[in-house]
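Listed below are the residues making up each chain.
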There are 4 protein chains.
Amino acid sequence: MTDSSDTPKSSGIGSLSLKERQRQERLELILQATETALLEKGYHEMSLDEIAAQVGIAKATIYLHFSSKEELVISLLKRALEASLHDLEQVVMKPISARARMEQIVGLSCKGKKKEHGQLFFALITGTNLRKEVIEKQLSWGDYLKKVVTLISKVLEDGKSSGEINPAIPTELLQFTLMAFLSRPGMETPFEQQPEEYAKQVLEILFKGIGNPDQILNRN
Amino acid sequence: MTDSSDTPKSSGIGSLSLKERQRQERLELILQATETALLEKGYHEMSLDEIAAQVGIAKATIYLHFSSKEELVISLLKRALEASLHDLEQVVMKPISARARMEQIVGLSCKGKKKEHGQLFFALITGTNLRKEVIEKQLSWGDYLKKVVTLISKVLEDGKSSGEINPAIPTELLQFTLMAFLSRPGMETPFEQQPEEYAKQVLEILFKGIGNPDQILNRN
Amino acid sequence: MTDSSDTPKSSGIGSLSLKERQRQERLELILQATETALLEKGYHEMSLDEIAAQVGIAKATIYLHFSSKEELVISLLKRALEASLHDLEQVVMKPISARARMEQIVGLSCKGKKKEHGQLFFALITGTNLRKEVIEKQLSWGDYLKKVVTLISKVLEDGKSSGEINPAIPTELLQFTLMAFLSRPGMETPFEQQPEEYAKQVLEILFKGIGNPDQILNRN
Amino acid sequence: MTDSSDTPKSSGIGSLSLKERQRQERLELILQATETALLEKGYHEMSLDEIAAQVGIAKATIYLHFSSKEELVISLLKRALEASLHDLEQVVMKPISARARMEQIVGLSCKGKKKEHGQLFFALITGTNLRKEVIEKQLSWGDYLKKVVTLISKVLEDGKSSGEINPAIPTELLQFTLMAFLSRPGMETPFEQQPEEYAKQVLEILFKGIGNPDQILNRN
DNA sequence: AATGAATGAGGTTTCATTCAT
DNA sequence: GATGAATGAAACCTCATTCAT
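Residues numbered from 1 in each chain as written. Chains lettered and ligands numbered in written order. Predicted model: local features only at pLDDT ≥ 70, side-chain atom pairs only at ≥ 80, totals over all residues. Heavy atoms only, no water.

### Structural notes on the overall build of chain A
Then, number 1: Scanning chain A from N- to C-terminus turns up 11 helices and zero strands.
Then, number 2: For chain A, the succession of helices and strands along the chain, N to C, is α-α-α-α-α-α-α-α-α-α-α.
Then, number 3: Relative to its 220 residues, chain A shows a buried fraction of 49%.
Then, number 4: Looking at chain A alone, contacts between residues at least 24 apart form 64% of all its contacts between residues at least 6 apart. (Helix = DSSP H or I, 4+ residues; strand = E, 2+ residues; numbered from the N terminus. Buried < 20%, exposed > 50% of the residue type's maximum accessible area, 1.4 Å probe, protein only. Contact = heavy atoms within 4.5 Å.)

Take a look at the structure:
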């Protein structure tokens with residue numbers, strides 16, 4: 001109902017009124033507290049009482065910004081998804097080789113965690129414990145996935161065009177292969193502390209394969 | 001408290017008494033209903049009222065088999081984890097090439113779903129929405145992962161020994177690479193309906209890489 | 001409904017049939033377990049599961065002897081009340097001085113505890129946590145009290161007749177005074193381990209009072 | 001959790017804010033309803049549904065004042081114990097004869113009932129049916145008894161010093177004797193409607209004893 | 001605008017009691 | 001006759017949501 005996009009009531013004075021700025025700050029605090037709680041405990045274990053206490057406001061005040069608990073979380077996740085989509089787009093558009101871009105994409109999925117936009121891509125949703133129904137309908141998860149796939153496809157096609165990537169492999173399969181490295185299966189990645197190093201290694205494998213080069217040479 | 005491993009009183013007649021068989025059947029029904037509800041709605045959204053109604057028994061009856069909601073779910077998941085570990089072990093021990101075994105392992109993660117032992121590996125836990133604390137303490141998730149990694153490592157080492165797999169790649173990285181294909185990032189795999197075909201393709205990529213063979217040859 | 005006074009079905013053989021004797025033994029075990037649990041935990045905290053387990057029978061078997069949990073406890077208490085009334089009567093009828101009998105009555109309230117008939121008199125009911133309604137209607141607590149008072153009155157009247165007790169004191173007041181020493185206010189009595197010694201001391205006080213004899217003499 | 005000792009935010013206006021006063025009033029209503037139910041039915045038979053209905057509020061509202069059923073009852077009893085201790089202390093400190101004070105102490109145990117602070121002393125706890133464990137741990141019943149005994153001892157020692165009480169009788173025995181009259185054995189006291197008259201009579205007996213004065217005189 | 005207070009709906013759990021074998 | 005199994009009724013407690021101030 002009430003949304004973060006509410007326009008301030010009086011834009012006459014300079015820019016935003018003091019009240020309005022405070023309001024925005026509070027909204028930000030609520031979202032941050034929610035993010036922390038959500039990643040730590042998941043949707044159901046997290047209570048609005050807790051968040052209000054964390055921010056230092058009354059529980060009812062949350063309802064001035066969001067019409068329900070679900071809307072609060074959805075709103076948070078939407079922002080995160082948009083941000084991750086934005087980041088992904090930035091990388092995809094870079095004027096560098098396809099492999100270099102792929103490396104950065106894999107790196108993206110390791111950074112961030114709770115700091116920047118809350119991990120990246122899939123891992124974000126995984127830990128929330130939201131109903132699938134909600135994820136699909138409210139977050140348009142399907143649409144999100146499609147956009148991600150489209151962006152990634154562009155890089156892959158670029159790779160094929162430039163001769164970096166084997167054009168014989170169907171793009172659909174390449175998509176899935178790359179995306180498999182973007183979520184985490186509940187276990188820590190190796191090189192957890194050095195995402196760049198990790199991404200480099202993954203790409204090396206991805207491109208050269210794990211097969212023994214001797215046998216491959218022999219095969220030809 | 002009461003567990004599925006309770007041995008029947010074995011009155012010596014034939015096999016299991018009628019009562020005992022009925023008991024086992026109902027326990028199985030409860031577990032199935034729970035699995036369905038768990039995968040569909042997650043731990044919190046699922047209620048015992050619902051499960052009891054589904055099975056056609058009174059809610060209190062569930063407590064004859066499990067001492068709490070948590071124990072019910074934990075018990076279900078434990079069975080599934082053990083089953084998946086068993087399946088994995090079977091494959092690992094087969095006297096076939098490492099690559100063939102890896103192909104079957106990847107295939108395992110696609111089959112089953114709710115049918116056989118409830119998906120496989122990680123995906124199973126992902127959708128439950130159980131508290132991390134519970135997952136670790138009650139399910140020994142850490143131990144489970146270690147066992148999986150150990151089994152997979154065996155195949156990978158075998159591959160290195162037989163010359164199938166590039167020995168220059170650290171096994172730790174190989175482990176993670178393979179496991180990345182065993183969980184699903186919330187999206188359908190391509191060839192969803194033909195796990196074997198899908199597994200074959202993945203292995204092809206995994207071994208040969210996605211790099212353009214021409215360039216690779218040139219690089220040497 | 002079913003009561004302990006059930007007559008055996010076939011009294012034809014000698015005395016009681018084997019079955020019947022076993023039945024009586026089991027009933028006794030149930031009552032004992034109930035007494036223990038009742039004194040330890042009170043009516044509500046005590047469960048039939050617990051008692052059945054203690055005796056080593058199925059919970060449903062208890063219902064072959066008593067038609068409800070309440071009836072079981074009532075039955076137990078009734079027996080105890082009757083027994084205590086019997087003991088009291090024995091003492092009252094003894095051909096000894098009133099004071100000696102009073103001493104023994106006070107002593108009665110200290111002995112027994114869980115051993116014999118479960119404490120005595122009031123203390124028994126105090127710890128059970130039964131609804132007052134039940135205590136009155138099912139146990140006829142009022143009738144019980146009346147009988148106790150009547151018996152005690154006899155001793156007191158005897159004391160007055162024999163010149164031991166001051167005839168100027170109303171018997172009603174004497175009754176209450178003596179009975180005050182028959183229940184315990186949730187605290188241990190002094191001389192807890194020597195009821196006889198304790199009873200002797202109480203009687204000494206009861207007869208001579210706690211006033212300073214010098215002043216009393218002076219007063220006259 | 002929230003306790004009756006929470007200080008109002010004291011907004012500086014006059015005394016307590018309207019909200020705060022209403023809050024206190026309802027808390028008082030809850031406690032009264034609880035007291036009634038507790039004395040009437042005991043801890044287990046009494047339900048929060050019932051109390052809420054009695055007060056005319058929702059069940060959940062009770063949890064705004066007390067974090068659990070147990071805490072509610074404990075809180076009620078604590079207040080009553082403290083009040084009774086306060087009353088006792090007032091009497092003990094009065095600059096009147098020991099006997100006069102003892103008379104008032106006995107009188108205390110008859111007044112009040114549900115009206116003032118909920119009976120007095122022991123009788124209060126007796127009817128609640130709380131687990132012994134709780135009574136001891138949460139209510140510090142042992143400590144309470146000790147304080148009562150200490151206060152009473154003071155009066156008794158005073159009596160010995162002033163020559164009112166026979167110094168040959170051990171104080172410990174005197175304590176118990178007096179306290180025997182402070183609890184009620186489940187029966188009504190005589191002179192129920194005139195506590196002062198009753199107390200006077202008890203003290204008369206307590207001091208002079210029930211022995212026949214003629215015999216006592218003769219004995220000397 | 002902000003909040004403290006109130007609540008209704010729902011969930012898990014316990015047990016005395018019944019019934020088919 | 002004895003029992004294991006099944007159950008219904010009820011209790012406590014939580015929390016997202018609303019409302020009066």
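### Quick look at the packing of helix H5 (residues 98-108) of chain C against helix H10 (residues 195-208) of chain C
Residues and elements named next belong to chain C.
Then, number 1: Close contact between H5 and H10 brings their axes to 8 Å; oriented N to C, the two are set at 130°. Considering their axes alone, H5 and H10 lie oblique with respect to each other. Crossing of H5 against H10: the hand is right-handed. Note on element contacts: H10 touches H5 through Pro 195, Tyr 198, Ala 199, Lys 200, Leu 203, Glu 204, Leu 206 and Phe 207, opposite Arg 99, Met 102, Glu 103, Val 106 and Gly 107.
Then, number 2: For the contact of H5 with H10, a count of residues per class yields eight nonpolar, one polar and four charged. (Axes fitted to C-alpha atoms, helices over the stretch in contact; angles between N-to-C directions. Parallel < 35°, antiparallel > 145°, perpendicular 65-115°, else oblique. Left-handed = near helix turned anticlockwise from the far one by under 90°. Nonpolar A, V, L, I, M, F, W, Y, C, P; charged D, E, K, R; others polar.)

### Overview of the nonpolar core
Then, number 1: Membership of the largest hydrophobic core comes to 126 residues, with the highest contact counts inside it found for Ile51(C), Ile62(C), Met102(C), Ile210(C), Ile62(D), Met102(D) and Ile210(D).
Then, number 2: In this view, Ile210(C) contacts Ile205(C), Met102(D), Glu164(D), Ile165(D), Asn166(D), Ile169(D), Leu174(D), Leu206(D) and Phe207(D); residues no more than four positions away in its chain are not counted. (Core = buried A, V, L, I, M, F, W, Y, C linked by side-chain atoms within 4.5 Å.)

### Considerations on the protein's contact with DNA strand E
Then, number 1: The immediate surroundings of DNA strand E are formed by 32 residues, with Thr61(A), Lys59(B), Tyr63(B), Arg26(D) and Thr61(D) found nearest.
Then, number 2: Within 4 Å of the protein, the atoms of DNA strand E are drawn from sugar and phosphate moieties in a proportion of 65%.
Then, number 3: Between DNA strand E and Tyr63(C) there is a distance of 2.9 Å, counted from a phosphate oxygen to a side-chain nitrogen or oxygen.
Then, number 4: Note that a phosphate oxygen of DNA strand E is positioned 2.7 Å from one of the backbone N or O atoms of Lys69(C).
Then, number 5: Grouping the constituent residues of the surface near DNA strand E by class yields 16 nonpolar, six polar and 10 charged. (Near = heavy atom within 4 Å. Polar contact = N/O pair within 3.5 Å; in protein donor to acceptor, adjacent residues only side chain to side chain.)

### A closer look at the packing of helix H4 (residues 69-93) of chain A against helix H7 (residues 132-139) of chain A
All names here are of chain A.
Then, number 1: Here H4 crosses H7 at 60°, and the two axes come no closer than 11 Å. As judged from the angle between their axes, H4 and H7 are oblique. In this structure, H4 meets H7 at a crossing whose hand is right-handed. In contact with Glu 70, Ile 74, Leu 77, Lys 78 and Leu 81 of H4, H7 contributes Val 134, Gln 138 and Leu 139.
Then, number 2: Looking at the contact of H4 with H7, its residues break down into five nonpolar, one polar and two charged.

### Considering the protein's contact with DNA strand F
Then, number 1: Looking at DNA strand F, there are 31 residues lining it, with Arg26(B), Ala60(B), Thr61(B), Thr61(C) and Tyr63(D) nearest.
Then, number 2: A share of 67% of the atoms of DNA strand F within 4 Å of the protein falls on sugar and phosphate groups.
Then, number 3: Contact between DNA strand F and Lys59(A): a base nitrogen at 3.2 Å from a side-chain N or O atom of the residue.
Then, number 4: For the surface near DNA strand F, the secondary-structure elements that each account for two or more residues are helix H3 (59-62) of chain A, helix H1 (18-45) and helix H3 (59-65) of chain B, helix H3 (59-65) of chain C together with helix H3 (59-65) of chain D.
Then, number 5: Here the residues of the surface near DNA strand F sort into 16 nonpolar, six polar and nine charged.

### Re unusual backbone geometry
Then, number 1: Positive phi, normally seen in glycine, also occurs at Ser140(C), with a value near 50°.
Then, number 2: Looking at the secondary structure, you find Ser140(C) in the loop between helix H7 (132-139) and helix H8 (141-162).

### Some points on the pattern of salt bridges
Then, number 1: Taken as a whole, this structure holds 35 salt bridges over all chains when the rule is applied.
Then, number 2: Note that Glu204(D) is salt-bridged to Arg99(D), the shortest N-O span being 2.7 Å. Linking Glu204(D) in helix H10 (residues 195-208) with Arg99(D) in helix H5 (residues 98-108), this pair joins segments that are 105 residues apart in sequence.
Then, number 3: Residue classification places Glu204(D) among the partly exposed positions, given a relative accessible area of 31%.
Then, number 4: Members of the salt-bridge network, linked through shared partners, are Glu45(A), Arg131(B) and Glu133(B). (Salt bridge = Lys/Arg side-chain N within 4 Å of Asp/Glu carboxyl O.)

Nothing here speaks to function; it is geometry throughout.
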